[in-house]
Amino acid sequence: MIVPHATSPRAVTKAVVPAAGLGTRFLPATKATPKEMLPVVDKPAIQYVVEEAAAAGLEDVLMVTGRHKRAIEDHFDHAFELEQALAAKGDAVRLDAVRNPARLADIHHMRQGEPLGLGHAVLCARRHVGDQPFAVLLGDDLIDPRETLLSRMLDVRDRYAGSVIALMEVPPEQIHLYGCAAIEATGEDGVVRVTGLVEKPSRKDAPSSYAVIGRYVLDPAVFDTLERTPPGRGGEIQLTDALQELAAGGTVHGVVFDGLRYDTGDKADYLRTVVRLACDRDDLGPEFTAWLKEFVAGLEESTGSGRRPLAA
């Protein structure tokens, strides 16, 4: 059961999770399996995202999916035959694990139709969201469950209105991988005013070292802006371009995040995510960490001797 971090009613109650990407960086694993369903230890990556939304008090979650994403819908639905089989065995632990995804929130699904970019995916949610502010959570970015980034962003939205984006300082040589924000101080620690945004700039053109990571709390005004936003980088409708227009009007703030974030959209970071979260688990951590230490020691020995290590 997810316990919300929020202690009072919020103006924001809806979350949108874009999940229509093709997952080409993980082929062939994602040929028939949605990238969002790749397991991170024993839960698909997208479940961590929905749990984060639920923990922040967002009870209505819309997943914007595409073709071949039926597995996501099935995961967040009831599996009656499996539940009956586990109940008959008296396996309460696994039964609860199977039932939990469907109980996290009121979950809806719609298809994007065409892969026209993140901005277009957000625009697809317009009818569902209506004229309410809403959160957007990208499935490639996992925020450690012990962090309260989304709740902080919702607090900032309550105080400043407008839209709020999550920012993280990254090394200059990595800024070309992200949207980048030009910022100015607000006088509040960890909260900045965003004055401009650039999608994946070169190192020399980047206005700062602050990258936009996959958490947003958006004012519904973003929909009108997205409607008139032409295709940008990669021929796609970029959410960053729409937010740039809103930032020019002084209605975008940023929350600077320096906590634990896991990027599951990259193969190496995906593997690091699995290892780190497994080490943190009470049921897996002690045994797995002990094995990991032995394995690393073996790697170091084999490097010195020129021998290839054998798997333990």
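What you are looking at is a predicted structure, and each value in this text was computed from that prediction instead of being measured. (Residues numbered from 1 in each chain as written. Predicted model: local features only at pLDDT ≥ 70, side-chain atom pairs only at ≥ 80, totals over all residues. Heavy atoms only, no water.)

Asker: Sorry, what's going on with the overall build of the chain here?
Answerer: Each helix and strand counted, the chain has 11 helices and 13 strands in total. Rg of the C-alpha trace for the chain: 21 Å, near the compact-globule value of 20 Å for 312 residues, within the 12% margin. Each principal axis of the C-alpha atoms in the chain carries an extent, and together these give about 60 × 55 × 40 Å. Among the 312 residues that make up the chain, the fraction classed as buried is 46%. A fraction of 76% describes how many contacts in the chain between residues 6 or more apart in sequence connect residues 24 or more apart. A total accessible area of about 16200 Å² is found for the chain, and carbon and sulfur atoms account for 53% of it. (Helix = DSSP H or I, 4+ residues; strand = E, 2+ residues; numbered from the N terminus. Rg over C-alpha atoms; globule rule 2.2 N^0.38 Å. Buried < 20%, exposed > 50% of the residue type's maximum accessible area, 1.4 Å probe, protein only. Contact = heavy atoms within 4.5 Å. Areas by Shrake-Rupley, 256 points an atom, 1.4 Å probe, with all protein chains shown as cover.)

Asker: What should I look at first to understand the packing of aromatic side chains in this one?
Answerer: What characterises a pair of aromatic rings is the spacing of the ring centres plus the angle enclosed by the ring planes. According to the stated counting rule, one finds four aromatic pairs in the structure shown. When the ring of Phe26 is compared with that of Tyr270, the centres are 5.5 Å apart and the planes differ by 75°; the resulting orientation is edge-to-face. Placement of the pair is Phe26 in the loop between β1 (14–19) and β2 (39–40) and Tyr270 in helix α10 (residues 267–280), with a sequence separation of 244 residues. Look at Phe26 and you get buried, because its relative accessible area is 12%. Consider the rings of Phe134 and Phe223, whose centres lie 5.1 Å apart with planes at 0°: the pair is stacked. Taken together, the positions of Phe134 in strand β6 (residues 134–137) and Phe223 in helix α8 (residues 221–227) put the pair 89 residues apart, joining distant regions of the chain. Per residue, the accessibility class of Phe134 equals that of Phe223, and both read buried. (Phe/Tyr/Trp six-rings, centres within 6.5 Å; stacked < 30°, edge-to-face > 60°.)

Asker: Please clarify how the pairing of β6 should be interpreted in this entry.
Answerer: For a regular strand, the rule is simple: side chains alternate between the two faces of the sheet. Residues Phe134 and Val136 of β6 are buried on one face, and the alternating residues Ala135 and Leu137, pointing to the opposite face, are buried as well. Direction of pairing for β1 relative to β6: parallel, over a ladder of two bridges. Considered in β6, the bridge of Ala15 is made with Ala135. Judged from the four bridges that link them, β6 and strand β11 (residues 210–218) form a sheet pairing that is antiparallel. In the strand pairing of β11, Leu137 is matched with Arg215. (Pairing = 2+ DSSP bridges.)

Asker: Looking at this model, I keep getting lost on the pattern of salt bridges. Mind explaining?
Answerer: Once their charged atoms are close, side chains differing in charge can pair, the charge on each being opposite to the other. A complete count under the given rule lists 22 salt bridges for this structure. In this structure, the salt-bridge partner of Asp280 is Arg146, at a minimum N-O distance of 2.9 Å. A residue pair is termed long-range when its members are at least 10 positions apart, and Asp280 in helix α10 and Arg146 in the loop between β7 (141–143) and α7 (149–160) qualify at 134 residues. The class of Asp280 is partly exposed, set by a relative accessible area of 40%. Note that Glu184 and Arg193 form a salt bridge whose closest N and O atoms lie 3.3 Å from each other. Several salt bridges converge on common partners, so that one network encompasses Arg25, Lys35 and Asp140. (Salt bridge = Lys/Arg side-chain N within 4 Å of Asp/Glu carboxyl O.)

Asker: Would you mind going over the pairing of strand β4 (residues 60–65) with me for this structure?
Answerer: With six of its six residues buried, β4 lies for the most part within the structure. Here β4 shows two buried faces, one formed by Asp60, Leu62 and Val64 and the other by Val61, Met63 and Thr65. In this structure, β1 lies alongside β4, joined through six bridges in parallel fashion. Paired with Val16 across the bridge in β4 is Leu62. Of the pairings in the sheet, the one linking β4 to strand β5 (residues 106–111) comprises six bridges and is parallel in character. The residue bridging Met63 from the neighbouring strand is His109, located in β5.

Asker: I would appreciate a short explanation of unusual backbone geometry in the present structure.
Answerer: Backbone geometry follows two general trends: most residues other than glycine have a negative phi, and most peptide bonds adopt the trans configuration. Leu27 connects to Pro28 through a cis peptide bond whose omega is 10°. Here Pro28 is to be found in the loop between β1 and β2. The phi dihedral of Val41 falls on the positive side, at around 65°, and the residue is not glycine. Within the fold, Val41 resides in the loop between β2 and β3 (43–44).

Asker: Honestly, the side chain of Asp263 in this entry has me stumped. Any pointers?
Answerer: Position of Asp263 among the secondary structure elements: in strand β13 (residues 261–263). Among buried Asp, Glu, Lys and Arg side chains, Asp263 stands out as unpaired, with Arg261 the closest opposite charge at 4.4 Å. (Lys, Arg positive; Asp, Glu negative; His and termini not counted.)

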